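Inside the fold
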Amino acid sequence: MQGSDPPMGNQLSSSERIREKKKLFLQREQRIIDASLELFLSEGIDRVTVANIAQRAGIGKGTVYKHFLTKNEILVRIMLDYERSITTNLAAGIAQTEQGDPGAAAKAYFNSRLARPELDRLVQHLEVRLDDADDIREQMQQLHELRRSNEQALEDMIQRQIDRGVLEDVPPRYHYLAAWALTQGAVELCFNKSWNYHPDSDGLVDFITAIGVTMGNRGQYRKP
């Protein structure tokens, strides 16, 4: 028996039309973000205009403003999307760690930030640029709340790993700040003119990640 065809055109109910309209709106919004990110990475932040973004996205400039009132709103959206991606991956890693895979959270963090070093570096530059922007204070607050939530989740998980004898008995923040420092250095290596000419950068990133997953394990640290 053949199934009935979905309602088409004016056969759609009002709620279905609203859902379809919202779906198309969100798809167009994501197209704007994707186009913006491509341009910011290739051309730099200051050289990209809203008109450039509209052209890359294949829409009118006025349409962009239906989604984002200012260029800063586009920039902070890129930051929030990136931080939410890290949050999702980190939460999955923490859950795996609690289930018996001690390196899963660290691996999730390193993989999240080192998968696209150019994006990580862009987000860092955006944070400095937008720190005092008045038009996006609410979004920046959301960003900081995400990071505080991640920090607390890491703090709790690491303390449990310390109590189980898996990690060195130091303040939990030492562990995740060491991971941050190693990742930060790895990102900078990808763009450092003295070092980034080497052809084995992927292998180096893999090696750094492997070190990061195991650093801090009990028995490695000798207190002065």
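Let us look at the structure shown here. (Residues numbered from 1 in each chain as written. Predicted model: local features only at pLDDT ≥ 70, side-chain atom pairs only at ≥ 80, totals over all residues. Heavy atoms only, no water.)

With that settled, the discussion passes to the nonpolar core. Grouped burial of nonpolar side chains is what soluble globular proteins tend to show. Counting 32 residues, the largest nonpolar core has Phe 40, Ile 74, Leu 126 and Leu 130 as its most contacted members. Mapped by element, the contributors of at least two residues to this core are helix 1 (14–43), helix 2 (50–57), helix 4 (71–98), helix 6 (117–130) and helix 7 (137–163). No other element matches helix 4, which puts eight residues into this core. With residues near it in sequence (within four places) discarded, Leu 126 still touches Ile 45, Leu 75, Ile 78 and Met 79. Core analysis: the second largest hydrophobic core is formed by 17 residues, Phe 110, Leu 154, Ile 162 and Leu 167 among them. (Core = buried A, V, L, I, M, F, W, Y, C linked by side-chain atoms within 4.5 Å. Buried < 20%, exposed > 50% of the residue type's maximum accessible area, 1.4 Å probe, protein only. Helix = DSSP H or I, 4+ residues; strand = E, 2+ residues; numbered from the N terminus. Contact = heavy atoms within 4.5 Å.)

So, about the pattern of salt bridges. Enumeration according to the criterion identifies 13 salt bridges in this entry. Across the pair Asp 46 and Arg 129 runs a salt bridge whose closest N-O atoms are separated by 2.7 Å. Here the residue Asp 46 occupies a position in the loop between helix 1 and helix 2, and Arg 129 occupies one in helix 6, the gap between them amounting to 83 residues. Note on Arg 129: relative accessible area 39%, which makes it partly exposed. In this structure, Arg 160 engages Glu 98 in a salt bridge whose closest nitrogen and oxygen atoms are separated by 2.5 Å. Here Arg 160, found in helix 7, pairs with Glu 98, found in helix 4; they are 62 residues apart in sequence, far enough to count as distant. Assessed through its relative accessible area of 29%, Glu 98 is described here as partly exposed. Salt bridges sharing partners connect three or more residues here, namely Glu 29, Arg 77, Asp 81 and Arg 84. (Salt bridge = Lys/Arg side-chain N within 4 Å of Asp/Glu carboxyl O.)

With that out of the way, let us pick up the packing of aromatic side chains. Counted according to the given criterion, the structure contains one aromatic pair. Ring centres of Tyr 109 and Phe 110 lie 6.0 Å apart, and the angle between their planes is 80 degrees; this geometry places the pair in the edge-to-face category. Each of the two residues, Tyr 109 as well as Phe 110, counts as buried. (Phe/Tyr/Trp six-rings, centres within 6.5 Å; stacked < 30°, edge-to-face > 60°.)

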